[in-house]
Amino acid sequence: SVDYRDVRKLFDKANEIFALDRQFDPLTPEERVERRKKELKPLIEEYFAMAEEIYDPKVDSMKNRAIHYGLKDKELYMVLIGNAGIPLTNNRAEVSMRKYVMKRVSSMFSQSTDGIKATCTLLTLVQSARMNGLQPDAYVTYLLDHLKELDNPDKAEDFLPWSGAIPEDIRLDPAEVAKESKN
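The following paragraphs examine the structure supplied in this document. (Residues numbered from 1 in each chain as written. Predicted model: local features only at pLDDT ≥ 70, side-chain atom pairs only at ≥ 80, totals over all residues. Heavy atoms only, no water.)

1. A short note on the overall build of the chain
Looking only at helices and strands, the chain features 10 helices and zero strands. Listed by position from the N terminus, the elements making up the chain come as α-α-α-α-α-α-α-α-α-α. Within the chain, the fraction of its 183 residues that count as buried is 26%. Across the chain, contacts joining residues at least 24 apart in sequence account for 56% of those joining residues at least 6 apart. By element, 56% of the accessible surface of the chain is carried by carbon and sulfur atoms, the whole surface being about 12,900 Å². (Helix = DSSP H or I, 4+ residues; strand = E, 2+ residues; numbered from the N terminus. Buried < 20%, exposed > 50% of the residue type's maximum accessible area, 1.4 Å probe, protein only. Contact = heavy atoms within 4.5 Å. Areas by Shrake-Rupley, 256 points an atom, 1.4 Å probe, with all protein chains shown as cover.)

2. As for the packing of helix α2 (residues 29-54) against helix α3 (residues 62-71)
Contact geometry of α2 with α3 gives a least axis separation of 10 Å together with a crossing angle of 140°. Considering their axes alone, α2 and α3 lie oblique with respect to each other. For the crossing formed where α2 meets α3, the hand is left-handed. Contacts between α2 and α3 involve Phe48, Ala51, Glu52 and Ile54 on the former and, on the latter, Asn64, Ile67, Gly70 and Leu71. Looking at the contact of α2 with α3, its residues break down into five nonpolar, two polar and one charged. (Axes fitted to C-alpha atoms, helices over the stretch in contact; angles between N-to-C directions. Parallel < 35°, antiparallel > 145°, perpendicular 65-115°, else oblique. Left-handed = near helix turned anticlockwise from the far one by under 90°. Nonpolar A, V, L, I, M, F, W, Y, C, P; charged D, E, K, R; others polar.)

3. So, the packing of aromatic side chains
Tallying each qualifying case throughout the model produces three aromatic pairs. Aromatic side chains Tyr47 and Phe48 sit 5.1 Å apart centroid to centroid with 85° between the ring planes, which places their arrangement in the edge-to-face category. Residue Phe48 is classed as buried on the basis of its relative accessible area, which comes to 2%. Note on Tyr142 and Phe159: the rings are 5.6 Å apart at their centroids and 35° apart in plane angle, and the pair reads as tilted. Of this pair, Tyr142 sits in helix α7 (residues 136-145) while Phe159 sits in the loop between α9 (153-156) and α10 (174-182), and the two are 17 residues apart along the sequence. (Phe/Tyr/Trp six-rings, centres within 6.5 Å; stacked < 30°, edge-to-face > 60°.)

4. Brief notes about the pattern of salt bridges
Think of it this way: side chains of opposite charge can pair up when their charged atoms draw near. Applying the stated criterion to the full structure yields 12 salt bridges. Of the charged contacts, one joins Asp25 and Arg32 as a salt bridge, the two residues approaching to 2.9 Å between their closest N and O atoms. Residue classification places Asp25 among the partly exposed positions, given a relative accessible area of 47%. Among the ionic pairs, Glu45 bridges to Lys41, the shortest N-O distance being 4.0 Å. Taken together, the residues span about one helical turn, with Glu45 and Lys41 both in helix α2 at a distance of four residues. (Salt bridge = Lys/Arg side-chain N within 4 Å of Asp/Glu carboxyl O.)

5. Considerations on helix α6 (residues 113-131)
Look at α6: 27 Å from first C-alpha to last across 19 residues, which is about the 27 Å you get at 1.5 Å a residue. Every buried residue of α6 is accounted for by Thr119, Leu123, Val126, Gln127 and Ala129. Burial along α6 is one-sided: seen end-on, the buried residues are contained in an arc of 155°. Every exposed residue of α6 that faces more than 90 degrees away from the buried side is listed here: Thr113, Asp114, Lys117 and Met131. (Expected span 1.5 Å × (residues − 1). Arc of directions from axis to C-beta.)

6. As for helix α1 (residues 4-23)
Across its 20 residues, α1 extends 29 Å between first and last C-alpha, which sits within 8% of the 28 Å expected from 1.5 Å per residue. Considered for burial, the residues of α1 that qualify are Leu10, Lys13, Ala14, Ile17, Leu20 and Asp21. On an axial view of α1, the arc spanned by its buried residues comes to 130°, and they lie on one face. Of the exposed residues in α1, the ones pointing more than 90 degrees away from its buried face are Tyr4, Arg5, Arg22 and Gln23. Looking at the buried positions of α1, the neighbouring elements they touch are α2 and α3.

7. Some details on the nonpolar core
Core analysis: the largest hydrophobic core is formed by 18 residues, its most contacted members being Ile17, Leu40 and Ile44. Those elements giving two or more residues to this core turn out to be α1, α2, α3 and α4 (74-81). Top contributing element to this core by residue count: α2, with seven residues. Dropping the residues within four chain positions of it, Ile44 is found in contact with Ile17, Tyr77, Met78 and Ile81. Ranked by size, the runner-up nonpolar core spans eight residues in total, among them Leu134, Leu143, Phe159 and Ile166. (Core = buried A, V, L, I, M, F, W, Y, C linked by side-chain atoms within 4.5 Å.)

Laid out in structure tokens, this is it:
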């Protein structure tokens with residue numbers, strides 16, 4: 001059986017890794033990669049050494065399965081160290097989608113495959129708008145108002161959420177964008 005104290009040490013080491021990486025956020029990409037290689041890599045190697053030491057493939061427990069799940073990503077974490085633009089986790093994306101998932105689960109209004117596809121498309125549009133500093137409701141309204149133009153392949157790129165052609169009144173206040181990106 002996997003000892004709880006060992007799992008706690010592993011958990012604490014992971015928190016140490018994430019806390020250190022957050023300290024690198026204000027750095028330039030080059031500085032971030034340098035600091036990740038110098039300071040973060042040894043911690044990640046230590047984390048995986050600890051995980052490999054306590055993992056027991058003969059034991060079927062939730063703790064052991066969780067450790068095994070993490071061990072599968074060892075090579076991925078080593079790649080992430082050298083890329084400043086990739087976060088160590090996808091927690092921010094997961095958290096941003098949680099309210100939509102909960103809404104979907106609680107309402108269960110999609111009774112068909114087409115309804116599910118429509119819901120997913122709408123949620124993707126809303127989240128893409130947010131991630132690109134747009135007001136989601138204004139952006140979706142703008143798209144609906146210009147449906148005929150969306151059929152023109154030469155103009156379609158002008159309607160993508162990151163396009164400079166999106167009207168200014170649809171954009172969020174930069175202070176609001178900064179506040180939301182921290183959540």
